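Chain residues, written in single-letter form:
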Amino acid sequence: MKTRIITGLVGVVIVIGWLFSMYTPIFTAVLAIVAAIGVYELLKAFEMKNIVLKVLCLAISVLLPFYYSYKSAVTVPLFPVITVIVLLALIVMVLDFKNTKFEQVACSLFSAAFVPSALSCIILFRDTYINFPELFKKTDGIFFILFAFFCCWLSDTFAFFCGKFFGKHKLSPVISPKKTIEGAVGGVICTAILNAVFFFVFRMKFNLSESICLPLVIISSVCLSVISIFGDLAASTIKRHHGIKDFGNLLPGHGGVMDRFDSSCFVFPALYAIISLISAI
């Protein structure tokens, strides 16, 4: 527990420092590195041993965050690139059919696209004032980024402690025996309360746009906390299917990058979907 808390605190400090580089290439580069490590951990879980496919997947995971950050400058159509990547992966599978299964190729390509794209929603949050100038200000992007992290980390933290002190009924005994219904409910409620407090503080200090209101924050917080729980369960299911406890051991007390950012890969896209829906309405 002590190791987990220390690692968490160090991680928070690093994230805060990273946010100061928000409008520099360093911001995207760090995101690309984190995405690549996460994809590498998944490739290891899928027992992908084909070197060419590994390099291909890692290259995708590194390049996608830069694509999202500088897509306005990219002139190459995305569909032909995707087609070439899929065809290349299938050719490599055929040439090494004895050792490379289609399921491994499919899971690896999905991971290489999904993980960096999901994490790159942070870039899209940052650029909401560019993509939706009629609704959001530059400071709103910072709010969205912090709000997304809070929905992931606070719900996980409070679910753990609420489950420890009040948990009696198992949420999913086969997939994740330690999770309880009481813990999940407590995590959702506590996260919504703290996000409401965060909303008021941020509004007073940075003058948020009128498009971001308290009811929206609370409803979004509840929805995203629930999504975070199921995202964590989805990651646990993958680990169960592949007989592993953690995706990695890079973060003491937490496991690997994907053990820490598993729910984030579901919460970040969901939050951006909510933002896009607001703009459409």
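Whatever comes next refers back to the structure up there.
Described in the following lines is the structure provided in the data block. (Residues numbered from 1 in each chain as written. Predicted model: local features only at pLDDT ≥ 70, side-chain atom pairs only at ≥ 80, totals over all residues. Heavy atoms only, no water.)

## Remarks on the overall build of the protein
Part 1 of the argument: The helix and strand inventory of the protein stands at 12 helices and two strands.
Part 2 of the argument: Over its C-alpha atoms the protein spans a radius of gyration of 20 Å, differing by no more than 12% from the 19 Å that the globule rule assigns to 281 residues.
Part 3 of the argument: For the protein, the spread of C-alpha atoms along the principal axes amounts to about 60 × 50 × 35 Å.
Part 4 of the argument: Expressed as a percentage of its 281 residues, the buried residues of the protein come to 43%.
Part 5 of the argument: At a minimum sequence separation of 6, the contacts of the protein that also span at least 24 residues come to 73%.
Part 6 of the argument: As displayed, the protein offers around 14,900 Å² of accessible surface, 75% of which is attributable to carbon and sulfur atoms.
Part 7 of the argument: Distance from the positive charge centre (22 side chains) to the negative charge centre (14 side chains) of the protein: 6 Å. (Helix = DSSP H or I, 4+ residues; strand = E, 2+ residues; numbered from the N terminus. Rg over C-alpha atoms; globule rule 2.2 N^0.38 Å. Buried < 20%, exposed > 50% of the residue type's maximum accessible area, 1.4 Å probe, protein only. Contact = heavy atoms within 4.5 Å. Areas by Shrake-Rupley, 256 points an atom, 1.4 Å probe, with all protein chains shown as cover. Lys, Arg positive; Asp, Glu negative; His and termini not counted. Charge placed at Lys NZ, Arg CZ, Asp CG, Glu CD.)

## Here we look at helix H1 (residues 2–19)
Part 1 of the argument: With 18 residues, H1 extends 26 Å between its outermost C-alpha atoms, agreeing within 8% with the 26 Å of an ideal straight helix rising 1.5 Å per residue.
Part 2 of the argument: If you check which residues of H1 are buried, you get Thr-7, Val-15, Trp-18 and Leu-19. In a view along the axis of H1, the buried residues occupy a sector of 105°, so they form one face of it. Among the exposed residues of H1, those pointing more than 90 degrees away from its buried face are Lys-2, Leu-9 and Val-13.
Part 3 of the argument: Turning to H1, the residues buried within the fold contact helix H2 (25–45), helix H6 (121–126) and helix H8 (138–166). (Expected span 1.5 Å × (residues − 1). Arc of directions from axis to C-beta.)

## Remarks on the layout of surface pockets
Rolled over the atoms, a probe sized like a water molecule indicates the empty space that remains.
Part 1 of the argument: Approximately 1,200 Å³ is the volume found for the largest pocket.
Part 2 of the argument: In terms of lining, the largest pocket is formed by 42 residues, of which the most central are Gly-8, Gly-11, Val-12, Val-15 and Trp-153.
Part 3 of the argument: Those elements that place two or more of their residues in the lining of the largest pocket are H1, H2, H8 and helix H11 (257–261).
Part 4 of the argument: Top element by residues in the lining of the largest pocket is H1. It accounts for 13 residues.
Part 5 of the argument: Taken as a whole, the second largest pocket encloses approximately 1,000 Å³ of empty space.
Part 6 of the argument: Of all the secondary-structure elements, those providing two or more residues to the lining of the second largest pocket are H8, strand E2 (176–180), helix H9 (181–206), helix H10 (214–241) and H11.
Part 7 of the argument: Of the residues forming the lining of the second largest pocket, the biggest block, seven residues, is contributed by H8.
Part 8 of the argument: Within the lining of the second largest pocket, the residues separate by chemical class into 10 nonpolar, 12 polar and 13 charged. (1 Å grid on protein atoms, 1.4 Å probe; cavity = no way out; pocket = protein on both sides within 12 Å on 5 of 7 lines; lining within 4 Å. Points joined across faces, edges and corners; volume = space filled by probe spheres on them. Nonpolar A, V, L, I, M, F, W, Y, C, P; charged D, E, K, R; others polar.)

## Observations concerning the pattern of salt bridges
Part 1 of the argument: Applying the stated criterion across every chain yields a total of five salt bridges.
Part 2 of the argument: For the salt bridge of Asp-232 with Lys-179, the shortest nitrogen-to-oxygen distance reads 2.4 Å. Highlighted residues: Asp-232 in helix H10 and Lys-179 in strand E2, separated in sequence by 53 residues.
Part 3 of the argument: The exposure class assigned to Lys-179 is partly exposed, which follows from its relative accessible area of 23%. (Salt bridge = Lys/Arg side-chain N within 4 Å of Asp/Glu carboxyl O.)

## What about the packing of H1 against H8?
Part 1 of the argument: Running from N to C, H1 and H8 point in directions that differ by 175°, and their axes come no closer than 13 Å. In terms of axis orientation, H1 runs roughly antiparallel to H8. In this structure, H1 contributes Arg-4, Val-12, Val-15, Trp-18 and Leu-19 to the contact, and H8 contributes Ile-145, Leu-146, Phe-149, Trp-153 and Asp-156.
Part 2 of the argument: Split into classes, the residues belonging to the contact of H1 with H8 amount to eight nonpolar, no polar and two charged. (Axes fitted to C-alpha atoms, helices over the stretch in contact; angles between N-to-C directions. Parallel < 35°, antiparallel > 145°, perpendicular 65-115°, else oblique.)

## Overview of the side chain of Ser-263
Part 1 of the argument: Counting through the fold element by element, Ser-263 comes out in the loop between H11 and helix H12 (264–280).
Part 2 of the argument: Residue classification places Ser-263 among the buried positions, given a relative accessible area of 5%.
Part 3 of the argument: A distance of 3.4 Å separates polar atoms of two side chains, one belonging to Ser-263 and the other to Ser-228.
Part 4 of the argument: For Ser-263, the residues in contact, after removing those within four places along its chain, are Cys-152, Ser-228, Gly-231 and Asp-232. (Polar contact = N/O pair within 3.5 Å; in protein donor to acceptor, adjacent residues only side chain to side chain.)

## A short note on the packing of aromatic side chains
Part 1 of the argument: A complete count under the given rule lists 20 aromatic pairs for this structure.
Part 2 of the argument: Aromatic pair Phe-125 and Tyr-272: ring centres 6.3 Å apart, planes at 45°, arrangement tilted. Pair noted here: Phe-125 is in helix H6 and Tyr-272 is in helix H12, with a separation of 147 residues, a long-range link.
Part 3 of the argument: Judged by relative accessible area, which is 15%, Tyr-272 ranks as buried.
Part 4 of the argument: The cationic tip of Lys-138 hangs over the ring face of Tyr-23; the distance from NZ or CZ to the ring centre is 4.6 Å. (Phe/Tyr/Trp six-rings, centres within 6.5 Å; stacked < 30°, edge-to-face > 60°. Lys NZ or Arg CZ within 6 Å of the ring centre and 35° of its normal.)

## Comments concerning the packing of H10 against H12
Part 1 of the argument: Taken N-terminus to C-terminus, the directions of H10 and H12 make an angle of 150°; their axes are 8 Å apart at the nearest point. By the angle between their axes, H10 is roughly antiparallel relative to H12. By crossing handedness, the relation of H10 to H12 is classed as right-handed. Along its contact with H10, which presents Leu-216, Ser-220, Leu-224, Ile-227, Ser-228, Gly-231 and Ala-234, the element H12 presents Phe-266, Val-267, Ala-270, Leu-271, Ile-274 and Ile-278.
Part 2 of the argument: Across the contact of H10 with H12, the residue classes break down as 10 nonpolar, three polar and no charged. (Left-handed = near helix turned anticlockwise from the far one by under 90°.)

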